[in-house]
Amino acid sequence: SNAVTQTENLTAAIQRIDANHHWHPFTDTAALNSKGARVIVRGEGVYVWDSEGNRIIDGMAGLWCVNMGYGRKELIDAAKQQLDELPYYNHFFQTTTTPAAVLAQEIASVTPGDLNHIFFANSGSEAVDTLIRMIRHYWAVEGKPEKNVLIGRKNAYHGSTIGGTSLGGMGAMHKQGGPYLPNIEHIDQPYWYGEAGDLDEEAFGLKAARALEEKILEVGPEKVAAFIGEPIQGAGGVIVPPASYWPEIQRICRKYDILLAADEVICGFGRTGSWFGSQTFGIEPDLMSMAKGLSSGYMPISAVAVGDRVANCLIEKGGEFFHGFTYSGHPVAAAVAVANIRLMKQEKVVDYVADDIGPYFQQQLRAVLADQPLTGHIEGAGLVAGIALVKDREAKQFFADEGTVGTLCRDHCFENGLIMRAVGDRMVLSPPLVISRKEVDELCAKVRKCFDLTLDSVRTQGL
Ligand code: PLP
């Protein structure tokens, strides 16, 4: 019929324009252009629709961010109202706006400890860059400018600005666009399943944390400013550290007077069943970066929450902090984030993740994959999970050409109405926090189906 033809034409037209002019982030553009990008046109709850009318369950909540699901009227209305009232004003030069002030208070109401001072930016990367500058400036104001080495981890993701890439530990990223910032060191990630050998989780967690102490001693404690890490490494493949890891990291930081910063861009706002991943792992960082779930991805906004130690020093002794962005605390984005936090509180969504849907999701995922031969190991917390695909689960043998099978699996998901991301040969899930049990069942059934299809492909291709 006409309607179908029109739909087909629309898709083809957008794909053509997109291929001609739109350079996609983190994409092999030539490969994408040869087949055309899928055009996503609409969202509702945990689903999105493409321009061909296919309904897709979004197992990634966009990019780990649409925590309250698509189509939330409360968030949309907050944006509309703020656009009507005051679409923009800045917070430089002695002015503030109501949404930014109220949002700072709302964030402080959910952050742990004394993380009560909120600096705004627009993306996770900018929040991380803010952390870097703030931490180094703090030590300089304290009279220790030589204490400026930051320690991060291999396979960590902290964004793709120069600062974020430098602090992150992604090998592929470091190979492009450098040289990167000096005075940044990386220790191994706490990847128990992949790297522990015979050690049990507890022992491995302690060993991985002690790599920090070794690095501090190698660099010299008087030179180390901070350790920065994601409570659970997200983009690195959902690497959940053993319970022993973070408390030991915190102990080591305190011992050598080194600041501890948590990059909560993915873990923040309920993902792991607490407001912040730091709470799930029992630590109280000195600073935290956050983005994504702060506005459920409806508007670009990020923040750094700063504890009294750093904030009081910089505010009382630091004078002007020469740092900020035109859109720091953008009123429309801030209004949406205020509405988002209030909605999360009203719907008790963090409790829902902790006590109900998180455990259900983790249990169903394990049940549905229990006898699936590709499934080597599942790790996760709350509503985030990572699954290692393996050639032989008994022998714990990985595939030779890392990433091939993951990509195959991702493509099967894509073709079967499921968005699930591949990180090498790890498949990762991070659905909206408002997902229902019925939707979890559907999600898990699709995961199983796509894993089975992947197994067929692996056998056909002799991988
Ligand atoms: N930090 C972490 C932990 C992230 O996961 C990300 C993005 O995925 C970032 C920083 C960068 O955020 P953005 O893409 O908003 O710059």
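Residues numbered from 1 in each chain as written. Predicted model: local features only at pLDDT ≥ 70, side-chain atom pairs only at ≥ 80, totals over all residues.

Enquirer: I keep staring at the sheet that holds strand E11 (residues 375-381) and nothing clicks. Help me out?
Expert: What links the strands of a sheet is backbone hydrogen bonding, and the strands pair in either a parallel or an antiparallel sense. In spatial order, the strands read E11-E12-E15-E14; together these 4 strands make up an open sheet with antiparallel pairing. Bordering the open sheet on either side are E11 and strand E14 (421-423), each of which pairs with just one other strand. Ignoring strand direction, the axes of neighbouring strands in this sheet form an average angle of 25°. Bridge count for E11 against strand E12 (residues 384-389) is 6 bridges, and the pairing is antiparallel. Across the sheet, residue Ala-381 finds its bridge partner in E12, namely Val-384. Packed on one face of the sheet, helix H15 (residues 349-369) meets E11 and E12 and runs near 175° to E11. (Pairing = 2+ DSSP bridges. Helix = DSSP H or I, 4+ residues; strand = E, 2+ residues; numbered from the N terminus. Axes fitted to C-alpha atoms, helices over the stretch in contact; angles between N-to-C directions. Contact = placed C-beta atoms within 7 Å.)

Enquirer: Explanation requested: the pairing of strand E8 (residues 259-263) in the structure shown.
Expert: Regular strands place their side chains on alternate faces of the sheet. The buried fraction of E8 amounts to 5 of the 5 residues, a majority that puts the element mostly inside the structure. The alternating pattern of E8 places Leu-259, Ala-261 and Asp-263 and Leu-260 and Ala-262 on opposite faces, both of which are buried. Here strand E7 (residues 224-229) pairs with E8 via 4 bridges, running parallel. Following the sheet pairing, Ala-226 is matched in E8 by Leu-259. In this fold, E7 hands off to helix H11 (residues 245-255), which returns the chain to E8; that crossover is right-handed. (Buried ≥ 20, exposed ≤ 12 C-beta atoms within 10 Å, placed from the backbone. Right-handed = clockwise from strand over helix to strand, strands pointing away.)

Enquirer: Explain unusual backbone geometry here, please?
Expert: With glycine set apart, most residues show a phi of negative sign, and most peptide bonds adopt trans. Backbone torsion omega between Gly-178 and Pro-179 reads 5°, so that peptide bond is classified as cis. Among the structural elements, Pro-179 can be located in the loop between helix H8 (171-174) and strand E6 (184-187). For Phe-26, which is not glycine, the phi torsion reads 45° and is therefore positive. Structurally, the position occupied by Phe-26 is in the loop between helix H1 (2-21) and helix H2 (29-35). Phi angles above zero are rare outside glycine, and Asn-155 is one such case at about 65°. Examined against the element boundaries, Asn-155 turns out to sit in the loop between strand E5 (149-153) and helix H7 (162-167).

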